[in-house]
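Single-letter residue listing:
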Protein chains: 2
Amino acid sequence: MKNTHASPIAARGPADHNVRDQIVAAATDHFSRYGYEKTTVSDLAKAIGFSKAYIYKFFESKQAIGEMICANCLREIENDVRAAVDAAEHPPEKLRRMFKTIVEASLRLFFQDRKLYEIAASAAGERWQATVAYEERIRDLLQEIVQQGRLSGDFERKTPLDETTKAIYLVMRPYLHPLLLQYNFDNTEEAPAQLSSLVLRSLSP
Amino acid sequence: MKNTHASPIAARGPADHNVRDQIVAAATDHFSRYGYEKTTVSDLAKAIGFSKAYIYKFFESKQAIGEMICANCLREIENDVRAAVDAAEHPPEKLRRMFKTIVEASLRLFFQDRKLYEIAASAAGERWQATVAYEERIRDLLQEIVQQGRLSGDFERKTPLDETTKAIYLVMRPYLHPLLLQYNFDNTEEAPAQLSSLVLRSLSP
């Protein structure tokens, strides 16, 4: 994974990553005001008060900075989803919470700020590493829940686990993918509950 | 419905609609060569050899012509889907065929010709009447299949019929909506079968 050195914007420490974090924080601010596409590394350098060469010591390109911002944003969504899942006791409820929370957190992070949406859209459209890794982790979480439900007897066990997981992921995907989510605004209130119910019916033993 | 006078491009007859059909056929050809957005009614008039005023006698705007082209295109998809559904005997197989065929026909009609995709995208994005009516008819067809399956004993009857239909429609929607479908190209081979299986598991009595 490219972004193993990523740490959340909020968690700045006395570590080596201090300057990287500073650049990412300033870039997040700058992109959200002026847009990701329109901003160059020179603009960024000027705005932050670093030289362009200094920024290039830490990030090889604008996209590398965008990837870090994107990774932070996706990590935040994932944390919200994990917290919601952990707070529920039974696998069926975990699944409902997962769907509901991933839509709410995605809407909040991708769309409250139209300028940061641009980064998320590029990331999803061009399949940046941070997005691919995020999708994998979401699928893993889903598989954990399905597996727990199989062990507890809440879910059927006939269908191969990966087939079940993949199909449920396909049902969720239009509501977590920023480029798809923008065409689902009319449905974000009701769809997660309706689709969760359908999925749970499909899982009944 | 706005487009009750619509007749498929191919089926020109000696009727009153002859000139309308001629304009639609010529416009389809022109749009697919030069694009819908870029073409004006003046361009169209010049290309067809009619006066602009004469075209306005039959269509109140460029969008009205676009709507007719779009309605024809959606009608073609719907015919394909209905034929596939009718060819299957049992409700579960009808549902599988419906999903498979709607994806194939939509891909063929929306994306084989990138220029006509523009019309479909405007229609879906701006919720033209032709699109809204099409979506309703697709939901109706889905409801018919679910109802047949309930009567034949293939599907469960506990969940309210409209709840079941709406949820299945939400599962299909990303694969029939042109703006969503463009982000699902990677999945159009496998997803219809995987999602049909999930839906059928959710319908089991």
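Each chain has its residues counted from 1, running along the sequence as written. Lettering of chains starts at A and numbering of ligands starts at 1, both following the order in which they are written. Local features in this predicted model are restricted to residues of pLDDT 70 or higher, and side-chain atom pairs are both shown and tallied only at a pLDDT of 80 or more, whereas totals for entire chains, interfaces and linings draw on every residue. To get the side-chain values, take all heavy atoms of the structure and skip hydrogens and water.

- An unreviewed UniProt entry annotates chain A as TetR/AcrR family transcriptional regulator of Vogesella indigofera.

Section: the relation of the copies chain A and chain B
- C-alpha atoms of residues with pLDDT of at least 70 in both copies form the basis for the least-squares superposition of the copies. Mapping chain A onto chain B is achieved by rotating through 180° and translating by 0.0 Å along the same axis, at an RMSD of 0.0 Å. This pairing of chains is accounted for by a two-fold axis. Ranked by how close their C-alpha atoms come to the rotation axis, the residues of chain A are headed by Ser202 of chain A, at 1.7 Å.

Some points on the pattern of salt bridges
- One side-chain nitrogen of Lys or Arg within 4 Å of one carboxyl oxygen of Asp or Glu is enough to make a salt bridge. By the definition in use, this model includes 22 salt bridges over all chains.
- Lys166 of chain B serves as the salt-bridge partner of Glu190 of chain A, at 2.9 Å between the closest nitrogen and oxygen. Separated into two different chains, Glu190 of chain A in the loop between α9 (178–181) and α10 (191–203) and Lys166 of chain B in helix α8 (residues 161–172) make up a pair that spans both.
- Accessible area is worked out with a 1.4 Å probe on protein chains only. A residue is then buried under 20% of its type maximum, exposed over 50%, and partly exposed in between. On the basis of relative accessibility, which here comes to 37%, the residue Lys166 of chain B falls in the partly exposed class.
- Two residues, Glu78 of chain B and Arg75 of chain B, come together in a salt bridge whose shortest N-O distance is 3.7 Å. Taken as a pair, Glu78 of chain B and Arg75 of chain B lie in helix α4 (residues 62–87) at a separation of three residues, close to a single helical turn.
- Salt bridges sharing partners connect three or more residues here, namely Arg75, Glu78 and Arg137 of chain A. Secondary structure follows DSSP: runs of H or I at least 4 residues long count as helices, runs of E at least 2 residues long count as strands, and numbering of each begins at the N terminus.

With respect to the interface of chain A and chain B
- Taken together, the contact pairs 26 residues of chain A with 26 residues of chain B.
- Here's the idea: put two parts together, see how much 1.4 Å probe accessible area each one loses, and the total over both is what we call buried area. Surface buried jointly by chain A and chain B totals about 2,300 Å² across both partners, of which 61% is contributed by carbon and sulfur atoms.
- When the area that chain A buries against chain B is broken down by residue, the three leading residues are Leu170, Tyr183 and Arg201 of chain A, summing to 28%.
- Seen at the junction of chain A and chain B, the total is six salt bridges.
- Any pair of N or O atoms that falls within 3.5 Å is considered a polar contact. Within protein, one atom must be able to donate a hydrogen and the other to accept it, and sequence-neighbouring residues count only if both atoms are side-chain atoms. Summed over the shared surface of chain A and chain B, the result is six residue pairs in polar contact (both at pLDDT 80 or more).
- Think of it as three bins: nonpolar holds Ala, Val, Leu, Ile, Met, Phe, Trp, Tyr, Cys and Pro, charged holds Asp, Glu, Lys and Arg, and polar takes everything else, Gly as well. Here the residues of the side of chain A that touches chain B are counted per class, giving 12 nonpolar, eight polar and six charged. The contact rule is simple, with two residues in contact once any of their heavy atoms fall within 4.5 Å.

What about the side chain of Glu135 of chain B?
- Within the secondary structure layout, Glu135 of chain B lies in helix α7 (residues 129–152).
- Those residues within four positions of Glu135 of chain B in sequence are excluded, and the remaining contacts are Arg127, Tyr169 and His177 of chain B.

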